[in-house]
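Overview (structure and organization)
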Amino acid sequence: MGTLRLLSRSWCHLCDEMLAAAKPLTDAAGAEIDVVDVDSDPALEARWGELVPVLLAIDGQELCHYHLDEAALRAYLARFPIESAD
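I will try to describe carefully the structure that is included in this document.

Reading guide: rules and limits
- Within each chain, residue numbers correspond to sequence positions counted from 1 in written order.
- The model is predicted, so local features are restricted to residues of pLDDT at least 70 and side-chain atom pairs to those at 80 or more, both for listing and for counting; the totals for chains, interfaces and linings are taken over all residues.
- Think of the side-chain values as coming from all heavy atoms in the structure, minus any hydrogens and water.
- The salt bridge definition used is simple: a Lys or Arg side-chain nitrogen within 4 Å of an Asp or Glu carboxyl oxygen.
- Put simply, DSSP H or I for four residues or longer makes a helix, DSSP E for two residues or longer makes a strand, and each gets a number counted from the N terminus.
- Aromatic contacts are taken between Phe, Tyr and Trp rings whose centres are within 6.5 Å, Trp giving its six-membered ring; a plane angle under 30 degrees counts as stacked, one over 60 as edge-to-face, and the others as tilted.
- Put simply, a charge is over a ring when the Lys NZ or the Arg CZ is close to the ring centre, within 6 Å, and near the line of the ring normal, within 35 degrees.
- The cut-offs for exposure are 20% and 50% of the maximum accessible area for each residue type, with area from a 1.4 Å probe on protein chains only; residues under the lower value are buried, those over the upper are exposed, and the others partly exposed.
- As used here, the arc belongs to the directions running from the helix axis to the C-beta atoms.
- Here, two residues are considered to be in contact whenever any of their heavy atoms come within 4.5 Å of each other.
- In this description, a nonpolar core means a group of buried Ala, Val, Leu, Ile, Met, Phe, Trp, Tyr and Cys residues linked to one another through side-chain atoms lying within 4.5 Å.

Side note on the pattern of salt bridges
Two side chains of opposite charge can pair, provided their charged atoms sit close to one another. Here the structure, examined in full by the defined rule, presents five salt bridges. Between Asp-34 and Arg-5 there is a salt bridge whose closest N-O contact spans 3.9 Å. Here Arg-5 lies in strand β1 (residues 2–8) and Asp-34 lies in strand β2 (residues 31–37), a separation of 29 residues in the sequence. Residue Asp-39 is joined to Arg-9 by a salt bridge in which the shortest nitrogen-to-oxygen separation is 3.0 Å. Of this pair, Asp-39 sits in the loop between β2 and α2 (42–48) while Arg-9 sits in the loop between β1 and α1 (13–29), and the two are 30 residues apart along the sequence.

Some details on the packing of aromatic side chains
Taken as a whole and judged by the stated rule, the model has one aromatic pair. Residue placement shows Arg-47 over the ring face of Trp-48; its charged tip is 3.9 Å from the ring centre.

Concerning helix α3 (residues 70–78)
Of all the positions in α3, only Leu-73, Tyr-76 and Leu-77 are classed as buried. Mapping the buried residues of α3 onto a view down its axis gives an arc of 95°, with all of them on the same face. Those residues of α3 that are exposed and angled more than 90 degrees off the buried face are Ala-71 and Ala-78. Structurally, α3 contributes buried residues whose contacts are with β1, α1, β2, β3 (54–56) and β4 (62–65).

A few points about the nonpolar core
Among the nonpolar cores identified, the biggest contains 15 residues, and Leu-4, Leu-55, Leu-63, Leu-73, Tyr-76 and Leu-77 are the most heavily contacted of them. Taken together, the elements giving at least two residues each to this core come down to β1, α1, β2, β4 and α3. No other element matches the four residues that α1 contributes to this core. Ignoring sequence-local partners within four residues, the contact set of Leu-4 consists of Thr-26, Ala-31, Glu-32, Ile-33, Asp-34, Leu-55, Leu-56, Ala-57, Leu-63, Leu-73, Tyr-76 and Leu-77. Cys-12, Cys-15, Trp-48 and Leu-56 belong to the second largest nonpolar core, which has 10 residues in total.

Here you go:
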């Protein structure tokens, strides 16, 4: 499936909540979440700082920010069905 990116901060409770809510959905879809601290990259902080947490699709498209949009994430993940190992 691939890896989504969660732009986060270490001290951000909303970031922790988004990760906890997204993880079961991505695990079920065979996807991974790469957590990136925006404060470690000046370009990321400049672009996304006020919107953190931000969940980005594999192609960098924003799926949601501040709070998990479960419907948007489910719709995105549904585009990549898990192949069975028949």
